[in-house]
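Understanding the architecture of this molecule
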Amino acid sequence: MDNAEDEDLIFRGLTDPTRRAVLALLGRDGALSVSEISSSFPAVGRTAVSAHLRVLKAAGLVDERREGRKRLYSLGSDQVSAAIEYLRQVYSGSLAVPESSAPEHPRGRGRPAQKTTSDPAQHGIRRVG
Amino acid sequence: MRDVIFANETRLDVDIVTAFQRFGVREDPDAGWILAASAASVELGAAVELSLPVPDLGSGRSHVRATARIVELTPFRRIVLAHETPWTGRTTLTFSAEGAGTVVRAHSELSEDAIRWVRALFGDTGRSASGADADVITLGLVTSLSGDSGFVGRAVVNCAALAIGEINGAGGLAGRSLDLHVIDDATDPTTARDRVRAFHDDHPDAAVIGMHSSLSLQGLEDFLAATGILYLYVAPHESEQRSGNLFRLGNSVQAQIDFAVPEVARRTNARRWYLIGNDYSWPREISRAARERIELAGSEVVGETYVPLGAGISFAGVVDEIIASGADAVVSSLIGYSSVDFEREFSSRDARARIATLSTLMDERTLELLGSAADGIWSSLSYFSNLGSPENLRFLQRYNDAYGEWSPPPSVLSAPVYEAVHLFAQAARRAPTLSADDLANAIPGLLLGGPRGAIRVSSEGAVHPPMFMARALGGKLIVDADADAPRARGA
């Protein structure tokens, strides 16, 4: 998980209330099949739930495994990495000009002259103690 | 223990003095660019609001309001921010002149709770596979580290951890140590229910202390009734009842309003009142009780408005309406950022001189975000941090020893948690077992002791703390010597 595309996937995974609810369900109940998940969201429908699961899987937020003929979904096994990517995105945007203010000041009275940089070599996990 | 470190930098086409002075300026839309920080003042110890560019946390907005504090400051060179909510950590900003411009570098070290917080957002409650530890008694703490009341949570966690440190330092409870498990309700009743349920699944015997909105308590009530968890709710509340093993140990609306409205009327001669609050039961009960008092005195209510929690709306139209209504006083039961945003708007229109405000949840923490924009607001609560009682001075000394000079101030929205943890410990020492029922049965008759003095829990499981009147002045809440307070109420 080290490129911008993956970060975007994590954010996409979380932008939808149904996807957040699916994560909460898996966090509570462990591994579930599509039909078990769908039964918790009668208003959403099985096809849409499957689509949500694909987005969550692509973002690494859920894992899929086969058990006989069933596919079981559970929370992604590397949630720590996903969480760190999420935080990195938050902080790498931390020196940016708020988008809402940029168009109001086209001459850039003191706005950052170049895009904020975030060097991958400068961040990482450190174990302490 | 894991730390996460991030570093980045940006170059500005302005000199170093100009660049530095842009930090924390709320009014200039260009200026909020460092974590979109805003501060009532840029000085040591100042509270800072941050707007973190987090896509959609459920509120539909693309930023989450976080809080921090300036803990080191070298003008034009360096600012160190200690993050307080929703997670902890430090961001060091350095400014250096390069050519005609300025390079600003940000170095952030986040604590492990940042990862836990994001994982909870991902649906992962981080339950441990290790199972119950016989040497540990787990105590849950539900409070708000994000959402509309998010800025109160760090002082709440601090107050709970302070009491737990004292209990464990004195040998724990029958040789077992207390272990705190913090749950962020995100100022949202569904989140509160889901996360307390997950906590209960992992720790079926654990008691819970709650300092959060009564809207979240409503989200929990059915679950608490079904499970019989011992739940000590310590925020101001709209009902005096003990419900099974749920104790409401804050002050009641009726006690607060019966004291506060006549006091404000007496000092300001207000006759025409406007009522504003968030749209759930506690604010509506404040307004009901206030209207009763106002009409009893022969005065009138000239308008009433309710706004949803967490809406992040502009209050300009509401302030227009209040001014147009001819009101000479406002009773505000807005909480969290709703209260902050409303009072900022009210102050910016110079309405404070003509229209008195009684804000029913204006504590020291909310006040420090407002700074002088709060000057003149009346507040009536069961605790103010500048109370001069020996119990309070002792408590403040311990709090400062534990968290340092620059930390979120304890208030009525956090200090009672310190008392509740000690109440739990007393009950645990007295009860025959640590079952929820035995603990609950041990609580009536105990003394809730701490910064507010000693308040007895009645045989019905209710408390009636004395109420005080204070006024905001120079960014502080000053307990009013002219008041007839403290006025003990009830039992």
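Residues numbered from 1 in each chain as written. Chains lettered and ligands numbered in written order. Predicted model: local features only at pLDDT ≥ 70, side-chain atom pairs only at ≥ 80, totals over all residues. Heavy atoms only, no water.

Summing up its helical and strand segments, chain A has 5 helices and 4 strands in all. Of the regular secondary structure in chain A, the N- to C-terminal order runs α-α-β-α-α-β-β-α-β. Per-residue burial for chain A yields a buried fraction of 42% across its 129 residues. Long-range pairs, those at least 24 residues apart, make up 51% of the contacts in chain A with a sequence separation of at least 6. With an accessible surface of roughly 6900 Å², chain A has 48% of that area assigned to carbon and sulfur atoms. (Helix = DSSP H or I, 4+ residues; strand = E, 2+ residues; numbered from the N terminus. Buried < 20%, exposed > 50% of the residue type's maximum accessible area, 1.4 Å probe, protein only. Contact = heavy atoms within 4.5 Å. Areas by Shrake-Rupley, 256 points an atom, 1.4 Å probe, with all protein chains shown as cover.)

Here we take up the environment of B:C159. All names here are of chain B. Positionally, C159 belongs in helix α3 (residues 153-169). On the basis of relative accessible area, C159 is assigned to the buried category, the value being 0%. When sequence neighbours within four positions are dropped, the list of residues in contact with C159 reads F395, Y399, P410, S414, A415 and Y418.

This part takes up the pattern of salt bridges. Residue and element names in this part refer to chain B. What the rule picks out here adds up to 33 salt bridges over all chains. With a shortest N-O distance of 3.8 Å, R365 and E84 are connected by a salt bridge. Taken together, the residues span a long stretch of sequence, with R365 in helix α10 (residues 364-370) and E84 in strand β5 (residues 78-85) at a distance of 281 residues. By relative accessible area, E84 is classed as buried at 4%. Between E166 and R398 there is a salt bridge, with the nearest N and O atoms lying 3.5 Å from each other. Taken together, the positions of E166 in helix α3 and R398 in helix α11 (residues 390-403) put the pair 232 residues apart, joining distant regions of the chain. (Salt bridge = Lys/Arg side-chain N within 4 Å of Asp/Glu carboxyl O.)

A few words now on empty space enclosed by the protein. Unoccupied space between atoms shows up once a probe the size of one water molecule is rolled over them. Residues and elements named next belong to chain B. Within this structure, the stated rule accounts for 2 cavities of 30 Å³ or more. The wall of the largest cavity is formed by 18 residues, among which H212, S213, I335, L361 and L413 lie closest to the centre. The residue makeup of the lining of the largest cavity, split by class, is 11 nonpolar, 7 polar and no charged. (1 Å grid on protein atoms, 1.4 Å probe; cavity = no way out; pocket = protein on both sides within 12 Å on 5 of 7 lines; lining within 4 Å. Points joined across faces, edges and corners; volume = space filled by probe spheres on them. Nonpolar A, V, L, I, M, F, W, Y, C, P; charged D, E, K, R; others polar.)

Another point: the packing of aromatic side chains. All told, the structure shown has 11 aromatic pairs over all chains when counted by the stated rule. Measuring from centroid to centroid gives 6.5 Å for A:Y91 and B:W87, while their planes differ by 45°, and the two rings are tilted. Residue A:Y91 is found in helix α5 (residues 79-92), and its partner B:W87 is found in the loop between β5 and β6 (89-98); the two belong to separate chains. B:W87 matches A:Y91 in its accessibility class, with the two residues each being buried. Between B:F395 and B:Y399, the ring centres sit 6.2 Å apart and the planes meet at 45°, which makes this aromatic pair tilted. In this pair, B:F395 and B:Y399 are both assigned in helix α11, 4 residues apart and thus about one turn of the helix distant. Taken individually, B:F395 and B:Y399 each receive the classification buried, so the pair is uniform in this respect. Clustering of aromatic rings is evident, with ring pairs tying together A:Y91, B:F6, B:W87 and B:W117. Against the face of B:Y337 rests B:R65, its NZ or CZ located 3.8 Å from the ring centre. The ring centre of B:Y306 lies 4.0 Å from the NZ or CZ of B:R284, which sits over that ring. (Phe/Tyr/Trp six-rings, centres within 6.5 Å; stacked < 30°, edge-to-face > 60°. Lys NZ or Arg CZ within 6 Å of the ring centre and 35° of its normal.)

A few words on the environment of B:P390. Along the chain, the position of B:P390 falls in helix α11. The exposed category is assigned to B:P390, whose relative accessible area is 57%.

Quick look at the sheet that holds strand β8 (residues 136-143) of chain B now. Residue and element names in this part refer to chain B. Pairing is parallel in the open sheet, where 5 strands are placed in the order β9-β8-β10-β11-β12. Edge positions in the sheet fall to β9 (177-184) and β12 (246-248), since each has one partner strand and no second. On average, each strand axis in the sheet is tilted by 20° relative to the strand beside it, whichever way the strands run. Pairing of strand β10 (residues 207-211) with strand β11 (residues 231-233), which is carried by 3 bridges, proceeds in the parallel orientation. By the bridge assignment for β11, I209 is matched with L232. Sheet strands in contact with α3 are β8, β9 and β10, and its direction is about 170° off that of β9. (Pairing = 2+ DSSP bridges. Axes fitted to C-alpha atoms, helices over the stretch in contact; angles between N-to-C directions.)

Residues and elements named next belong to chain A. Taken together, the 3 strands give an open sheet; going across it, the order is β1-β3-β2, and neighbouring strands pair in antiparallel fashion. Single-partner strands in this sheet number two, and they are β1 (32-33) and β2 (62-67). Across 2 bridges, the pairing between β1 and strand β3 (residues 70-75) is antiparallel. Residue pairing for β3: S33 is matched across the bridge by L72. On top of the sheet, helix α2 (residues 17-29) reaches β1, β2 and β3; it is set at about 95° to β3, its chief contact.

If you want to describe how two helices pack, look at the angle between their axes and the distance between the axes. One way to put it is that α5(A) packs onto helix α2 (residues 112-121) of chain B with a least axis distance of 9 Å and a crossing angle of 105°. Viewed along their axes, α5(A) and α2(B) adopt a mutual orientation that is roughly perpendicular. Across from A:Q79, A:V80, A:A83, A:I84, A:Y86 and A:L87 in α5(A), the residues of α2(B) making contact are B:A114, B:I115, B:V118, B:R119 and B:L121. Residues belonging to the contact of α5(A) with α2(B) are distributed by class as follows: 9 nonpolar, 1 polar and 1 charged. (Parallel < 35°, antiparallel > 145°, perpendicular 65-115°, else oblique.)

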